[in-house]
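So you can see what is in the structure, the chains are spelled out below.
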Amino acid sequence: LQLGAKGAYIVRLLMVGDSACGKTSLVLRFDQNVFSTKFVTTIGVDYRDKMVKIEGAQMRLQLWDTAGQERFRSLTSNFFGRADGFVLTYDISNRPSFDHVIGWMRDIKTRAPPDCDIVLCGNKSDLDNDRVVTYDEGKLLADEYGVQFFETSALTGHNVERTFTALATTIKHKR
Ligand code: GDP
Ligand code: MG
C-alpha cells in the first residue's frame with residue numbers, strides 16, 4: 001500500500017454492479033451517514049475520500065463510484081487496473097442484478113490486479129417483502145468466489161460501515 005502525505009495508507013476501492021442497485025447510496029451512507037430516495041445517475045466515475053482507522057492505522061479510502069450502465073463499462077474498466085478492492089453490489093429485490101454478478105466478477109478477474117480483494121454486497125436488505133434473492137444464494141455465490149459477503153441497507157445503514165471496514169481490513173492484512 002502507498003503511504004500518503006498525511007501518513008495514511010491509500011486504499012483504492014471501486015464500487016461496481018448494475019445500475020440502481022445502490023452503489024452511490026452506500027457511499028453516501030458510509031461517508032455522510034445520509035440517505036436519499038433520489039436516483040441520480042452516476043456519469044462515468046464519482047470520487048470521494050474517506051478517512052478511517054483500521055486497527056490503529058490511519059487509512060484513506062478512495063471510493064470510486066462507477067456507473068453500472070453498459071455504455072460506461074469501457075470507461076470504468078480503465079480504473080480497474082489500479083484498484084486495491086471492489087465492493088460488488090447487487091439488489092436483493094432485483095434478480096437480474098444478482099445474475100449479472102458473474103459478469104462483474106469476470107470483468108474484475110480479467111482487468112483488475114490478481115491480488116485485489118472483493119466484497120459481495122446484497123443491498124436493499126430493508127426490502128424484505130420484495131426480496132427475490134435469498135441470503136443463502138448470495139452467501140453461496142460469495143463462497144464460490146472465495147470473497148466476503150454482507151447484506152446491507154443504505155436506507156437503514158445496516159452493515160454499511162461493516163462492509164467497507166471488512167474490505168479495508170483484509171487489504172491491510174494482505175499488504
Ligand atoms: P446506483 O445506480 O447503484 O448508484 O444506485 P443508487 O444509489 O443511485 O440507488 C438507486 C435507487 O435505489 C435510489 O432510488 C435509492 O434511493 C434506492 N436505494 C439505494 N439503496 C437502497 C436501500 O438500501 N434500500 C432501499 N429501499 N432503496 C435503496
Ligand atoms: Mg450511482
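See the structure shown above.
For clarity, every value in this text was computed on a predicted model and none was experimentally measured.

Asker: Explain the pairing of strand β2 (residues 9–17) here, please?
Answerer: Looking down a regular strand, the side chains alternate between one sheet face and the other. A large share of β2 lies buried, amounting to eight of its nine residues. Note: strand β1 (residues 2–3) against β2, two bridges, orientation antiparallel. Paired with L3 across the strands is Y9, a residue of β2. From the end of β1 to the start of β2, which pair antiparallel, there are five residues, and G7 there has a positive phi angle of about 75 degrees. When β2 meets strand β4 (residues 57–66), the two strands line up parallel, connected through seven bridges. Counted as the bridge partner of L13 is L63 from β4.

Asker: Where do I start with the environment of C21 in this structure?
Answerer: As for its position among the elements, C21 is in the loop between β2 and α1 (23–32). By relative accessible area, C21 is classed as buried at 1%. On a C-alpha basis, the gap between C21 and T170 in space is 24 Å, while along the polypeptide they are 149 residues apart. Filtering out sequence-adjacent residues up to four positions away, C21 remains in contact with T89, Y90, D91, N123 and K124.

Asker: Would you mind going over unusual backbone geometry with me for this structure?
Answerer: It is generally the case that most residues other than glycine have a negative phi and that most peptide bonds are trans. For E55, which is not a glycine, the phi torsion comes out positive at approximately 50 degrees. Within the secondary structure layout, E55 lies in the loop between β3 (45–54) and β4. Residue classification places E55 among the exposed residues on the basis of a relative accessible area of 52%. Positive phi, close to 70 degrees, is recorded for K124, a residue that is not glycine. Inspection of the secondary structure assignment puts K124 in the loop between β6 (117–123) and α5 (135–145).

Asker: Would you mind going over the site of ligand 1 with me for this structure?
Answerer: Surveying the vicinity of ligand 1 reveals 20 residues, the closest of which are A20, K23, S25, S36 and D126. Note that an oxygen atom of ligand 1 is positioned 3.3 Å from one of the backbone N or O atoms of C21. Between ligand 1 and T37, the relevant distance is 2.9 Å, taken from an oxygen atom to a main-chain nitrogen or oxygen of the residue. Summarising the interface, the protein chains cover 90% of the accessible area of ligand 1, which totals 580 Å² for the free molecule. Comparing atom positions with the cavity grids shows ligand 1 to sit within the largest pocket. Among the elements that take part in the shell around ligand 1, α1 stands out by supplying three residues, more than any other.

Rules and cut-offs
Sequence order as written defines the numbering, with residues in each chain counted from 1. Labels are handed out in written order, letters beginning with A for the chains and numbers beginning with 1 for the ligands. The model is predicted, so local features are restricted to residues of pLDDT at least 70 and side-chain atom pairs to those at 80 or more, both for listing and for counting; the totals for chains, interfaces and linings are taken over all residues. Side-chain measures were taken over the full set of non-hydrogen atoms in the model, leaving aside hydrogen atoms and water. Throughout, exposure labels follow a simple rule: accessible area from a 1.4 Å probe, protein chains only, divided by the maximum for the residue type, with under 20% read as buried, over 50% as exposed, and the rest as partly exposed. Only DSSP runs of H or I reaching four residues or more are called helices, and only runs of E reaching two or more are called strands; each is numbered from the N terminus. Strands pair, by our definition, only if DSSP identifies at least two bridges between them. For this analysis, residues touch if any pair of their heavy atoms sits within 4.5 Å. The near set for a molecule or strand comprises every residue that places at least one heavy atom within 4 Å of it. Two N or O atoms count as a polar contact when they lie within 3.5 Å, although within protein this holds only if one can serve as hydrogen donor and the other as acceptor, and sequence-adjacent residues are included solely when both atoms are side-chain atoms. Note on areas: these come from Shrake-Rupley sampling with a 1.4 Å probe, and a residue is covered only by the protein chains present in the view. Here a cavity denotes a set of grid points, spaced 1 Å apart and computed over the protein atoms alone, in which a 1.4 Å probe fits but from which it cannot get out, and a pocket denotes an open set meeting protein on both sides within 12 Å along at least five of seven lines; residues with an atom within 4 Å of a point are reported as lining. Think of it this way: if more than half of a molecule's atoms are within 2 Å of a pocket's grid points, that molecule is in the pocket or cavity.

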